[in-house]
Amino acid sequence: MKQDLDEDFIERKYWGLDPLFDCYVTLFVCDILQLQKYPTGDGAYAYKNHPVHRVDIFGMVVRLDEREKYYRVDVDDGTGVISCTCWKQHGHQSCRNGNDTEYKHLFASLKNLTIRAQESKKIQLGDMLHVRGDIGEFRERREVSAPYYRVEQDLNMEARRIKSAVYRYKTVYDVPFVLHRDDRGGAWARQSGLEPEARIVTDLKASLTMRLMIMKMESFTISGLMGVAELLVIAEHPCQDCNEKLNGNITQAIPPVKHHFQCAIQLLIEEAVCYLSSEGENFVVVQCSKTLAKAVMAILSKIRNHEGTHYLKVHSHLQKLSEFKNVSAYMVKKCLEKLEEQSLAVGVTKAKFVIV
């Protein structure tokens, strides 16, 4: 795994806020071998910007060296080979010193159970081994010190783990960890007073959505929104991504306010909250638009199908009207659902509606 120099690494005191920090992370061996030490402190390695020090691996034993207190094994998961020190448990030794008078039978049973458990954990070459432990270095070689290990008998386990690992990589491990501003008491990791553009846009979209809902606005313009103080405060926040483009000069904060509003509105359009009117400047709110609702009801009345009219068919008729050319099919569906809430239409199925 090649480390990205632009990763936003978090300070050591915030490592515990990353859910992966104290977890046994299911990484492939090739990625474990390529991990670099975390830049902001000792005791962890960096995958993306996640601080990782515990791993969960599964593979075949390709080298075995048994000692009195541990097994020294090399595990191959198909992507690479890593050395693991699997520590033996000697819990049955304490059973020999038990009270031989009152609890003799109990200690004998515990001793037998412990010995059988140890025998089931004996490792042999070719075994499929499940290992959990801490990442470390021994004689300049990456290794895993594993207090937990188990020989897996299920031949299908390897395929299941690979499928699970790929899903976790996609949904969790490869997604950079971003601290919310409240987690840092209002300060971001780089301590520069700058926030990533994505955070500014997300906060602006949330505030804009709340305002549209409370004010029940049928339409709005970007220039009109830029005159709202509570929205402008968010949009004017110094932007980390924008300032990095100024040839490394971060002494001046030039927030592209209009750009932030445009990005926030684009997110609302993708979520079918609003659409651009034919006039080119006004944005119409789907849930509050009486014009769109009337047009949809007129189409339903015209078709008059007692089995229900599919919202995609309504959308195709709506596209013939120039003023609704920017309305998506999903927006039509949301409009129909709103009409159903108002008892003006009835949903025959999730996709088909009839007018009341």
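Throughout this description, residue numbers start from 1 for each chain and increase along the sequence as written. Confidence filtering applies because this is a predicted model: local features only for residues at pLDDT of at least 70, side-chain atom pairs given and counted only at 80 or more, and all residues used for totals across whole chains, interfaces and linings. Side-chain measures here rest on the full set of heavy atoms in the structure, leaving out hydrogens and waters.

Participant: Can you walk me through helix α10 (residues 290-303) in this structure?
Facilitator: Because an α-helix completes one turn every 3.6 residues, residues spaced three or four positions apart along the sequence face the same direction. Labels follow the DSSP assignment, with helices taken as runs of H or I lasting at least four residues and strands as runs of E lasting at least two, numbered in each case from the N terminus. Helices are assigned an expected span. That span is 1.5 Å times one less than the residue count. Helix length check: α10, at 14 residues, gives a terminal C-alpha distance of 20 Å against a target of 20 Å (1.5 Å per residue), a fit within 8%. Turning to α10, its buried residues are L292, A293, A295, V296, I299 and L300. With its buried residues spanning 165° around the axis, α10 presents them on a single face. In α10, the exposed residues that point more than 90 degrees away from the buried face are K290, K294 and K302. Only heavy atoms matter for contacts: two residues are in contact if any of them lie within 4.5 Å across the pair. In the core, the buried residues of α10 are packed alongside β10 (274-276), β12 (309-310), α11 (311-318), α12 (329-341) and β14 (352-355). Remark: R304 follows α10 within two positions and exhibits a positive phi of approximately 50°. Only protein chains enter the accessibility calculation, which uses a 1.4 Å probe. A residue is then buried if its area is under 20% of the maximum for its type, exposed if over 50%, and partly exposed in between. Directions are taken from the helix axis to each C-beta atom, and the arc is the one they span.

Participant: Would you mind showing me how to read the packing of α11 against α12 here?
Facilitator: Working note: a packed helix pair is described by the angle between its axes plus the distance between those axes. Lines fitted to the C-alpha atoms define the axes, with helices restricted to the stretch that makes contact. Angles between their N-to-C directions range from 0 to 180 degrees. Taken N-terminus to C-terminus, the directions of α11 and α12 make an angle of 115°; their axes are 9 Å apart at the nearest point. Put simply, α11 runs roughly perpendicular to α12. For the pair α11 and α12, the crossing hand works out as right-handed. Two secondary-structure elements touch here, α11 through Y311, L312, V314, H315 and L318 and α12 through A329, V332, K333 and L336. Just so you know the grouping, Ala, Val, Leu, Ile, Met, Phe, Trp, Tyr, Cys and Pro go in nonpolar, Asp, Glu, Lys and Arg go in charged, and all remaining residues, Gly too, go in polar. Split into classes, the residues belonging to the contact of α11 with α12 amount to seven nonpolar, one polar and one charged. In what follows, roughly perpendicular refers to angles from 65 to 115 degrees, roughly parallel to angles under 35, roughly antiparallel to angles over 145, and oblique to any angle outside these ranges. Note on convention: the crossing is left-handed when the near helix lies turned anticlockwise from the far helix by less than a right angle, right-handed when the turn is clockwise.

Participant: Looking at this structure, I do not really get a nonpolar patch on the surface. What am I missing?
Facilitator: On the surface, M210, M213, I214 and M215 cluster together to form a nonpolar patch covering roughly 440 Å² of accessible area. Here M210 shows up in helix α5 (residues 197-215). Here a patch means residues that are over 30% exposed by relative accessible area and free of salt bridges, tied together within 9 Å if like-charged and within 5 Å if nonpolar (Val, Leu, Ile, Met, Phe, Trp, Tyr). For the area figures, the Shrake-Rupley method with a 1.4 Å probe applies, and any residue is considered shielded solely by the protein chains shown. By convention in these notes, a salt bridge is any Lys or Arg side-chain nitrogen within 4 Å of a carboxyl oxygen on Asp or Glu.

Participant: Could you clarify how one ought to interpret the pattern of salt bridges in this entry?
Facilitator: Where charged atoms from two side chains of opposite charge approach closely, those side chains can pair. Using the criterion set out here, one finds 14 salt bridges in the structure. Between D74 and R63 there is a salt bridge, with the nearest N and O atoms lying 3.0 Å from each other. A residue pair is termed long-range when its members are at least 10 positions apart, and D74 in strand β5 (residues 70-76) and R63 in strand β4 (residues 54-66) qualify at eleven residues. Residue E341 is joined to K338 by a salt bridge in which the shortest nitrogen-to-oxygen separation is 3.9 Å. Highlighted residues: E341 and K338, both in helix α12, separated by three residues, approximately one helical turn. Classification of E341 as exposed rests on a relative accessible area of 61%. For K338, a relative accessible area of 28% corresponds to the partly exposed category.

Participant: How should the layout of surface pockets be read in this particular structure?
Facilitator: It is the rolling of a water-molecule-sized probe over the atoms that shows where space remains empty. Cavity means a closed set of points on a 1 Å grid over the protein atoms alone, one where a 1.4 Å probe fits but cannot get out, pocket means an open set with protein on both sides within 12 Å along at least 5 of 7 lines, and lining means a residue has an atom within 4 Å of a point. Grid points are joined across faces, edges and corners, and a volume is the space filled by probe spheres set on the points. The computed volume of the largest pocket comes to approximately 340 Å³. If you list the elements that add at least two residues to the lining of the largest pocket, you get α5 and α12. It is α12 that provides the largest number of residues to the lining of the largest pocket, a total of four residues.

Participant: Would you mind showing me how to read the sheet that holds strand β13 (residues 345-347) here?
Facilitator: Hydrogen bonding along the main chain pairs the strands of a sheet, whether they run parallel or antiparallel. Strand pairing is assigned whenever DSSP identifies at least 2 bridges connecting the two strands. As summarised here, the arrangement of the three strands in space is β12-β14-β13, forming an open sheet in which the pairing is antiparallel. Every interior strand has two partners, whereas the edge strands, β12 and β13, have only one. Two elements, β13 and β14, share three bridges in a ladder whose sense is antiparallel. From the neighbouring strand, V346 faces β14, where its bridge partner is V354. Where α10 meets the sheet, its contacts fall on β12 and β14, and the angle it forms with β14 comes to roughly 85°. Together, β13 and β14 form the strand contacts of α12, whose direction differs from that of β13 by roughly 110°.

Participant: Teacher, can you tell me more about the packing of α10 against α12 here?
Facilitator: Put simply, α10 and α12 touch, their axes get as near as 10 Å, and they point 85° apart. One finds that α10 runs roughly perpendicular with respect to α12. Residue-level contacts link L292, A293, V296, M297 and L300 of α10 to C335, L336 and L339 of α12. Counted by class, the contact of α10 with α12 contains eight nonpolar, no polar and no charged residues.

Participant: Would you mind going over the sheet that holds strand β7 (residues 128-138) with me for this structure?
Facilitator: Ordered in space as β4-β5-β6-β8-β7, the five strands form a closed barrel in which the pairing is mixed. In this sheet, adjacent strand axes meet at a mean angle of 55° when their direction is disregarded. Relative to β7, β4 runs antiparallel, the two being bridged by seven bridges. Residue pairing across strands places D56 opposite R132, the latter belonging to β7. Sitting on the sheet, helix α4 (residues 157-173) is in contact with β4, β7 and β8 (141-152), with an inclination near 145° to β4.

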